[in-house]
Every structure is written in structure tokens, then in C-alpha cells.
Amino acid sequence: MEASYVVTTNGLAGGWMTRYDRLVSDVLCQRDWQLVAQEELPAFVQRVQATIADGTVKPRPSALPEDTVRRAAIHVYCHELYRATGADGTLRQHRAFAELARHAQGVACRYEDNPDVVQACVQSALQIAWEKRDQVRDPGSFLRWLEQVVYYEIKGYWKPQHRQHEVPMSRVVPAGEHEENDELVQRFWETLAYVPPPDDQVATRQVREQLWTEVRRVLADNQRYQAVIVGYYLYELSLPALAEMLQRPVRNIYVLKSRALDRLRADEEFVRRFADALETVSGGRT
Amino acid sequence: MSKRPGSAHHRLHEMVNRSEFTGCLGTAPVHFARAVLNLRPAGVDCDVCGAALPGYVEAELNNSCGPLYRTVRHHIDLCPACCGLYLDLLEVALLAEEGPLPAPPLRIDLSFLEPPAERSACDVQ
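Residues numbered from 1 in each chain as written. Chains lettered and ligands numbered in written order. Predicted model: local features only at pLDDT ≥ 70, side-chain atom pairs only at ≥ 80, totals over all residues. Heavy atoms only, no water.

Q: Explanation requested: the environment of Val57(A) in the structure shown.
A: Its location among the elements puts Val57(A) in the loop between helix H2 (41-53) and helix H3 (65-85). On a C-alpha basis, the gap between Val57(A) and Val122(A) in space is 29 Å, while along the polypeptide they are 65 residues apart. Excluding its chain neighbours within four sequence positions, the residues that come into contact with Val57(A) are Thr51(A), Ile52(A), Thr68(A), Arg71(A), Ala72(A), His75(A) and Asn62(B). (Helix = DSSP H or I, 4+ residues; strand = E, 2+ residues; numbered from the N terminus. Contact = heavy atoms within 4.5 Å.)

Here it is as C-alpha cells:
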């Protein structure tokens, strides 16, 4: 990793603004996003920086600093897109919809191979984006909202025709459960040491420590299972964060989590000790 | 997995159901217990979860979920249908984060929009 600048919760360490500008500019150019004119770029960059500073976009545990800036730039641009889609009768609105259309096409092509279906679904998704844009709760997640609309449109397209169609939900991903004790898992535990645990009250900490010991006992033969369970349930890490830390696809993390849970569920001793742990901190049986 | 009275699963189930645990322990261990017991999600229904999903996915990508989306997270974890939708949306969002998603050019009709005036105040920003 090139350590040329550092993203902190207060934004970027000073002196690297030129590099920062270029990074944001690259994000816009790469996606051919044109709602921010060249002269508006400094103000846009400031908004990106503010988004990182106020914690709206935070660095993920294993992400590169560039990733945080990129995500912040996309987040702020979503606000721009959202605003522009409401600017009736302007070139800006048309430009925004053209950009949304490009994105929606890319999303639709992930779910559907037939170009006619893609065309029909993108068309109706854009119409919905125009008619129901006030349903967007957070303009910063406007693209996520559009992606969901496209998803529903494709799913809905096949439904009335009663056709069996696989929108690629639940692709089977090999879980790689036999790759054990690798460096990534070791690095995972090291990184986890710096992640603040949720609900850090004494009682919760006690239970968490007991559960951690128990999880390690039951899943002693599988480091990845341990990592996913401890990370997801005891540290409330997100699937993307876990996927990044263990360098596996998110669906793979989900599979590992499900299998690990099956193992825990089947272990009567684990369940008994879990109940004991909860009972102890709550002050005994009633 | 035995659920007969007196069994470990039954006892853990009772612990989860007792509201004082939720109050004194915070939600992480209690939710973990619900997942171990394979219980149905509580708190929000699938419609509410679906409506909150775009914001939740965005917040997850930005590592800024916090307590706001905790009930959505718990619902997704325990509801296979919502989890399927969530994973599909998340995968696409992660790809889109990397760069533009490739797609063949389409003929999109934007005639539903009001035609733009030559140049409005909004365009001159």
C-alpha cells in the first residue's frame, strides 16, 4: 500500500489535497459522471472530505484509504444525482437520468442475460425513479435504491409469465472450509483487536468472553468458522467488512456463517453453556 | 436438536424470551442466541426491512451502520428471503463500488421527462 496520505475520522492528513482532488476526479471520470463541473470540483471535494470527517463514511477495518475516499465520493455524488433528478425541465435532469440509465443497465445485466428484458426493465425502473423518487429515504443511498428497483423489476418481469427463471440469487459459492490457519485468519484476529466491540457494558463483555471461549472450543478445527462467528455476532462486523478482512466473497462469508451456526446449534454443551452465561449475568434463575 | 422442556435449547429459548435479558445485556448476545436457536426474526417485518435495505446496504459499505440499522441487520440474519435479496443487492453494490458496471448500449426513452428548456438556472450552476 502506498502510504502517501492517511484517512482519519477527521478527513485526510494535511498537505495532500492535490492527490485527494485527483482521486475524487478519477472517480467521476471513470464513471463518466458529469453533474459536477470542473469549477465545482473544489466544493465537491470539500463535501467528500466532510462526509468522512462527520463519520457518514468511515474506513472499513481492512480497506485502503483510497477506498474510503472513493466511497465517500460516490455517496456525495448520489446526493447530486438525487437533486438533479428532481430538477424538472432542465438539461441537468436529463443528464442525471442518462447516468442513472447507464448504471441501471449495468445492474440489470448482472441479473439478466436477455437484452430485451434488460431494456424493458431498465426503462420501467427509470420511470419509477422519476415518479417515486420521494420514497428515497437517504439521497446518499440513491444508487442502492435504484439497484433495488431494477432487481424488483426483473423479478417482476418473469412473475406474471409463471416462468421458472433464475435471477442469480443464491449462487453456490464454494466455502473453502478446509483452508485452515492461513495468514489471513491470523491477520483477522490481529485486526479485530483494534475493533471496538458493541454494547461494551460489563455484563455484555462477560458474556462475550464466555461465548468466544465456547465458540473456539466447538469450532476448534476451523479457524474461518470461528472468525466469521466472532466477527459477525460478537463484534457486529458487517458482511462486507468480514469479506474484506478474510478476502472472500460476501456470499462465501454467508455460507461459512450458516455452516458454523449449524455446528454450534448441534452442540448441546455449547447451547447449555450459552444459557448458563446469560443466566449468570442476569442474576440467576427465576 | 432437542426442544423438550429442560433441554439446553429449551432453556436458552426461555432466556431469550425473558425480556430482562434484552434490557440488561444489550442486543448482540441475545441476537446471537436467537440465531443459534434458528428463531424467526422479531422487531421489523419483511416489508419494513425491504424499504430500509438500500440505506442499510449503503451504510454497511460505508461502515456506518450503528444502532440505527440493528433491527434490520437482525431481521436479515434470521430471514432467508430478505437475506437472499440483501446478498444480491450487496454483491451488485460492491461491484459498482469498484467501477462502472459493464453493459451494452440500450435505447432508453426519457420522453417521460419534461423536455429541457434551452438552458435553465439549474443548468448554469
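This is not the end of the story, as more comes after the structure.
Q: Hey, could you run me through the packing of aromatic side chains in this one?
A: The description of two aromatic rings rests on the distance between their centres and on the angle between their planes. Residue and element names in this part refer to chain A. Under the definition given, this model contains 19 aromatic pairs over all chains. Between the aromatic rings of phenylalanine 44 and tyrosine 77, the centroid separation amounts to 6.3 Å while the plane-to-plane angle is 75°, which identifies the pairing as edge-to-face. Taken together, the residues span a long stretch of sequence, with phenylalanine 44 in helix H2 and tyrosine 77 in helix H3 at a distance of 33 residues. Using a relative accessible area of 2% as the deciding quantity, one classes phenylalanine 44 as buried. Accessibility expressed as a relative area gives 0% for tyrosine 77, which makes it buried. (Phe/Tyr/Trp six-rings, centres within 6.5 Å; stacked < 30°, edge-to-face > 60°. Buried < 20%, exposed > 50% of the residue type's maximum accessible area, 1.4 Å probe, protein only.)

Q: So what exactly am I meant to see when it comes to empty space enclosed by the protein here?
A: Space left empty within the atom packing is revealed by a probe, the size of a water molecule, rolled over the atoms. Per the stated rule, a full pass over the model turns up three cavities of 30 Å³ or more. Along the walls of the largest cavity sit Tyr232(A), Leu239(A), Tyr254(A), Lys257(A), Tyr56(B), Glu60(B), Arg73(B), Ile76(B), Asp77(B), Cys83(B) and Tyr86(B), which together make up its complete lining. At the level of elements, helix H11 (250-266) of chain A together with helix H4 (46-61), helix H5 (70-78) and helix H6 (80-98) of chain B are the ones that each hand at least two residues to the lining of the largest cavity. (1 Å grid on protein atoms, 1.4 Å probe; cavity = no way out; pocket = protein on both sides within 12 Å on 5 of 7 lines; lining within 4 Å. Points joined across faces, edges and corners; volume = space filled by probe spheres on them.)

Q: Just to check I follow, could you spell out the layout of surface pockets for this structure?
A: In this model, the largest pocket occupies a volume close to 700 Å³. Residue lining of the largest pocket: 36 residues in total, with Gln148(A), Gly50(B), Ala51(B), Ala52(B) and Pro54(B) positioned closest to the centre. Mapped by element, the contributors of at least two residues to the lining of the largest pocket are helix H6 (142-158) of chain A together with H4 and H6 of chain B. Examining the composition of the lining of the largest pocket, we find that nine residues originate from one element, H4(B), more than from any other.

Q: Would you explain the packing of H6(A) against H4(B) in this entry?
A: Helix-helix packing is characterised by the crossing angle of the two axes and by the distance between the axes. The interhelical angle for the contact between H6(A) and H4(B), taken along N-to-C directions, is 130°, at an axis separation of 9 Å. Taken together, the axis directions place H6(A) and H4(B) in an arrangement best described as oblique. H4(B) is crossed by H6(A), and the crossing has right-handed handedness. Residues Arg144(A), Trp145(A), Gln148(A) and Tyr152(A) of H6(A) form the contact with H4(B), whose participating residues are Gly50(B), Leu53(B), Pro54(B), Val57(B), Glu58(B) and Leu61(B). In terms of residue class, the contact of H6(A) with H4(B) is made up of six nonpolar, two polar and two charged. (Axes fitted to C-alpha atoms, helices over the stretch in contact; angles between N-to-C directions. Parallel < 35°, antiparallel > 145°, perpendicular 65-115°, else oblique. Left-handed = near helix turned anticlockwise from the far one by under 90°. Nonpolar A, V, L, I, M, F, W, Y, C, P; charged D, E, K, R; others polar.)

Q: Any chance you could explain the confidence of the model for chain A here in plain terms?
A: Atom-level detail of predicted coordinates should not be read off regions where pLDDT is low. Residue and element names in this part refer to chain A. Mean pLDDT over chain A: 85, with 84% of residues reaching 70 or higher. Low pLDDT, under 50, characterises residues 1-12; the predicted model gives this stretch 30 contacts beyond four residues in sequence or across chains. Between residues 169-174, whose pLDDT stays under 50, and residues either more than four places distant or in other chains, the model counts 15 contacts. (pLDDT = per-residue confidence, 0-100.)

Q: Sorry if this is basic, but what is going on with the environment of Glu99(A) here?
A: All names here are of chain A. Position of glutamate 99 relative to the elements: it lies in helix H4 (residues 91-111). For glutamate 99, a relative accessible area of 4% gives the class buried. Residues glutamate 99 and leucine 143, spaced 44 residues apart in sequence, show a C-alpha to C-alpha distance of 11 Å. Excluding residues that lie within four positions of it along the chain, glutamate 99 makes contacts with Asp32, Trp33, Gln34, Leu35, Tyr77 and Leu81.

Q: Is there a simple way to explain the pattern of salt bridges in this structure?
A: Pairs can form between side chains of opposite charge once their charged atoms are near each other. Under the criterion given, the structure shown has 26 salt bridges over all chains. Residue Glu244(A) is joined to Arg60(A) by a salt bridge in which the shortest nitrogen-to-oxygen separation is 2.9 Å. With Glu244(A) in helix H10 (residues 239-246) and Arg60(A) in the loop between H2 and H3, this pair connects stretches of sequence that are 184 residues apart. You can call Arg60(A) buried: its relative accessible area is 4%. Put simply, Glu214(A), Arg217(A), Asp267(A), Glu269(A), Arg272(A), Arg273(A), Asp276(A), Glu279(A) and Arg11(B) are held in one network by salt bridges that share partners. (Salt bridge = Lys/Arg side-chain N within 4 Å of Asp/Glu carboxyl O.)

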